[in-house]
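Here is what each chain is made of, one letter per residue.
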Amino acid sequence: MNKIILMGRLTRDPETRYSQGENATAVARFSIAVDRRFKRQGEPDADFFNCTAFGRQGEFVEKYLKQGTKIVLTGRVQNDNYTNKNGEKVYSVRIIAEEIEFAESKNAQGGGGFQPMSPDPIQAADDGFLNIPNGIEEELPFNTTN
């Protein structure tokens, strides 16, 4: 099985071209930066993946994605090896996108982020844990103390 799921941000605006012929197909190329879960000193904080989307997915990329957009991508890994002008074998991989979804709201992309409608009664304490107000159990719909 060849399946990959990545969540990251586009590092640049996508480049989209259309194939020649009667049934022109969109081919969108872009790259995403995926943060590493565990970071070690002296190592990169993210990995960069070259991606390609075809057809309707390519049209989606062209229309809605731009540099900085955070996405979740499901696809497959494909070898993208070739021999360069010097006769040297160059090894690389490309991610072929099969499904693409937004990973954050449009407001979050613009830096607005989530703004709660009313002040939250639960505040963080100095020790990093939440202070939960007394008596809140009675307000929960799944209260099992009754």
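Residues numbered from 1 in each chain as written. Predicted model: local features only at pLDDT ≥ 70, side-chain atom pairs only at ≥ 80, totals over all residues. Heavy atoms only, no water.

Q: Any chance you could explain the nonpolar core here in plain terms?
A: One recurring pattern in soluble globular proteins is that nonpolar side chains are buried together. Residues F30, I32, V61, I71, L73 and I100 are the most contacted members of the largest nonpolar core, which totals 16 residues. Looking at this core, the elements with two or more residues in it are strand 1 (4–10), strand 3 (26–35), strand 4 (46–54), strand 5 (70–79) and strand 8 (93–102). In this structure F30 touches L10, R12, P14, F49, N50, C51, A53, V61, I71, L73 and I100, once residues within four positions along its chain are discounted. (Core = buried A, V, L, I, M, F, W, Y, C linked by side-chain atoms within 4.5 Å. Buried < 20%, exposed > 50% of the residue type's maximum accessible area, 1.4 Å probe, protein only. Helix = DSSP H or I, 4+ residues; strand = E, 2+ residues; numbered from the N terminus. Contact = heavy atoms within 4.5 Å.)

Q: Would you explain the packing of aromatic side chains in this entry?
A: Evaluation of the coordinates by the stated rule reveals two aromatic pairs. Taken together, a centroid distance of 5.3 Å and an interplanar angle of 45 degrees make the contact between F60 and Y64 tilted. With F60 and Y64 both in helix 1 (residues 55–64) and four residues apart, this pair spans about one turn of that helix. Relative accessible area serves as the criterion here: at 44%, Y64 is assigned to the partly exposed category. Grouping aromatic residues by their ring pairs yields a cluster made of F60, Y64 and F102. (Phe/Tyr/Trp six-rings, centres within 6.5 Å; stacked < 30°, edge-to-face > 60°.)

Q: Explanation requested: the confidence of the model for the protein chain in the structure shown.
A: As a note on interpretation, predicted positions should not be read in detail where pLDDT is low. On average, residues of the protein chain score 83 in pLDDT, and 73% of them reach the 70 mark or higher. When the criterion is pLDDT under 50, residues 112–123 qualifies, and its contacts beyond four places in sequence or with other chains add up to eleven contacts. (pLDDT = per-residue confidence, 0-100.)

Q: Looking at this structure, I do not really get the pairing of strand 1. What am I missing?
A: Pairing of strand 1 with strand 5 involves six bridges; the strand directions are antiparallel. In the sheet register, I5 faces strand 5, and the bridge partner there is T74. Across two bridges, the pairing between strand 1 and strand 3 is antiparallel. From the neighbouring strand, L10 faces strand 3, where its bridge partner is I32. (Pairing = 2+ DSSP bridges.)

Q: Looking at this model, I keep getting lost on helix 1. Mind explaining?
A: An α-helix turns once every 3.6 residues. As a result, residues three or four positions apart point the same way. Looking only at helix 1, the buried set comprises G55, G58 and V61. All buried residues of helix 1 project into a common sector of 115 degrees when viewed along the axis, lining one side. The exposed residues of helix 1 that point more than 90 degrees off its buried face are R56 and K63. Among the structural elements, strand 2 (15–18), strand 3, strand 4 and strand 8 are those in contact with the buried residues of helix 1. (Arc of directions from axis to C-beta.)

Q: It is not clear to me how the side chain of T74 should be interpreted in this structure. Could you clarify?
A: Examined against the element boundaries, T74 turns out to sit in strand 5. Contacts of T74, omitting those with residues within four sequence positions, involve K3, I4, I5, I96, A97, E98 and E99.

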